[in-house]
Amino acid sequence: MGNQVFVWVVYLTTYGFLLGYTAYLLYRLGRGR
Amino acid sequence: MRRERPGLDPLSATLLGAGYLLLLIGFYYAMKAPPDVDQGYLVRILYVHVAAAWTGYLAFIVAGIYALLYLIKGHPAYDRLSAASAEIGLWLSLLMVIGGMMWARPTWGVYWVWEPRLTSVAVMIAIYVGYFLVRQAIEDPEMRAKAAAAVAILGVINIPITYMSVYWWRSIHQTATIDVINRKTHMPPEMLIPLLVNLFAFTVLYAAFLRLKGRIAAFEARWEEHHG
């Protein structure tokens, strides 16, 4: 099942982005600009 | 005018919490779903690929609506929300493309083909990269907002073309799994559920991001007003 690698790349990229973007927005919001 | 304090407001917090909870449930169902007859477990990519694609379209359409509202009413808040939605849409589209490429490599044998759907998506991304170049290039806030609104409204025209590309020019990309035109679903329930839950999760997270970004942009505008 070498294809599983592609599945994990997609899920890790997606969740990584969503969490990172949330953290970035919360940081900006906390700073007030 | 009411002055809001910086920080997380109750609505944004609720949207974020609900979005992540739904994402967790979506992940559970995606990992529980059976492998596809042809694609095997690779079909799991589709649950996030389609969700990112749909919310990306949604974000661009919302950006167009706010752009139109700005042109009609002239309130800077509409311009800020339009830009916020376009930015989130661009990120979601990039996620969609990454998911698509990771699916295409083992399935089609290549990461990218210049076929109608992929080409119209490339055009869509180029339009919104252009949108931010326009915003960067113009200093006068009112001129910037007007020019950006024009691009955002033009960009919306390309969305139905992108969506319909798989029907109009039949090529390698498959047609819609949830066919909203013919009201048919080409999926068994155990695959449809993870797709729908992920779709819902992405939509709620998009709403949360839009609200957070809109608030940040409002604080930013206020700060610039005071500190120039």
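For clarity, every value in this text was computed on a predicted model and none was experimentally measured.

Conventions we followed
Residues numbered from 1 in each chain as written. Chains lettered and ligands numbered in written order. Predicted model: local features only at pLDDT ≥ 70, side-chain atom pairs only at ≥ 80, totals over all residues. Helix = DSSP H or I, 4+ residues; strand = E, 2+ residues; numbered from the N terminus. Rg over C-alpha atoms; globule rule 2.2 N^0.38 Å. Buried ≥ 20, exposed ≤ 12 C-beta atoms within 10 Å, placed from the backbone. Contact = placed C-beta atoms within 7 Å. Axes fitted to C-alpha atoms, helices over the stretch in contact; angles between N-to-C directions. Parallel < 35°, antiparallel > 145°, perpendicular 65-115°, else oblique. Left-handed = near helix turned anticlockwise from the far one by under 90°. Nonpolar A, V, L, I, M, F, W, Y, C, P; charged D, E, K, R; others polar. Expected span 1.5 Å × (residues − 1). pLDDT = per-residue confidence, 0-100.

Chemist: Please clarify how the overall build of chain A should be interpreted in this entry.
Modeler: A tally of regular secondary structure across chain A gives one helix and zero strands. Expressed along its principal axes, the backbone C-alpha trace of chain A runs to roughly 50 × 10 × 5 Å.

Chemist: Would you take a moment to explain the overall build of chain B for this structure?
Modeler: Scanning chain B from terminus to terminus reveals six helices and two strands. In sequence order, the secondary structure elements of chain B are arranged as α-α-α-α-α-β-β-α. Radius of gyration (C-alpha) of chain B: 19 Å, near the 17 Å computed for a compact globule of 228 residues. With the C-alpha coordinates aligned to their principal axes, the bounding extent of chain B is approximately 60 × 40 × 30 Å. Per-residue burial over chain B gives 41% buried out of 228 residues. Considering only residue pairs separated by 6 or more positions, chain B has 76% of its internal contacts joining residues 24 or more positions apart.

Chemist: Can you help me understand the packing of helix H1 (residues 10–32) of chain B against helix H6 (residues 189–227) of chain B in this one?
Modeler: Geometrically, a packed helix pair is captured by the angle between its two axes and the distance between the axes. All names here are of chain B. Two elements in contact, H1 and H6, have axes separated by 8 Å at closest approach and are oriented at 155°. Taken together, the axis directions place H1 and H6 in an arrangement best described as roughly antiparallel. H1 and H6 meet at a crossing whose hand is left-handed. Along the contact surface, H1 presents Leu-11, Ser-12, Leu-15, Leu-16, Ala-18, Gly-19, Leu-22, Leu-23, Ile-25, Gly-26, Tyr-29 and Ala-30, while H6 presents Ile-193, Pro-194, Val-197, Asn-198, Phe-200, Ala-201, Val-204, Leu-205, Ala-207, Ala-208, Arg-211 and Leu-212. When the residues that make up the contact of H1 with H6 are grouped by side-chain class, the tally is 19 nonpolar, four polar and one charged.

Chemist: I keep staring at the packing of helix H3 (residues 76–108) of chain B against H6(B) and nothing clicks. Help me out?
Modeler: Residue and element names in this part refer to chain B. Packing of H3 against H6 leaves a shortest axis separation of 9 Å and a crossing angle of 135°. In terms of orientation, H3 and H6 fall into the oblique class. Here H3 and H6 pass one another in a crossing that is right-handed. Contacts from Pro-76, Ala-77, Arg-80, Leu-81, Ala-84, Ser-85, Glu-87 and Ile-88 of H3 reach H6 at Tyr-206, Phe-209, Leu-210, Lys-213, Gly-214, Ala-217, Ala-218 and Ala-221.

Chemist: What exactly am I supposed to notice about helix H1 (residues 4–31) of chain A here?
Modeler: Owing to its 3.6 residues per turn, the α-helix aligns residues three or four sequence positions apart on the same side. Helix length check: H1(A) (28 residues) gives 40 Å between terminal C-alpha atoms against 40 Å at 1.5 Å per residue, within 8%. Of the residues making up H1(A), those classed as buried are Phe6(A), Val7(A), Val10(A), Thr14(A), Leu18(A) and Leu25(A). In this fold, the buried residues of H1(A) make contact with helix H2 (44–73), H3 and H6 of chain B. Phi for Gly32(A), located one or two positions after H1(A), is positive at around 90°.

Chemist: So what exactly am I meant to see when it comes to the interface of chain A and chain B here?
Modeler: Reports often express the size of an interface as the amount of accessible area lost when the parts come together. Between chain A and chain B, the residue contacts involve 21 residues of the former and 27 residues of the latter. Of the residues that constitute the side of chain A that touches chain B, the class distribution is 12 nonpolar, seven polar and two charged.

Chemist: Looking at this model, I keep getting lost on the confidence of the model for chain B. Mind explaining?
Modeler: Segments scoring low in pLDDT should not have their predicted coordinates read at a detailed level. Residues and elements named next belong to chain B. Within chain B, residue pLDDT values average 93, and 98% of them lie at 70 or more. Here strand S2 (residues 184–185) stands out as the element of chain B with the lowest mean pLDDT, 78, in contrast to H2, whose mean of 97 is the highest. We note a pTM of 0.94 for the whole complex and an ipTM of 0.94 for its interfaces.

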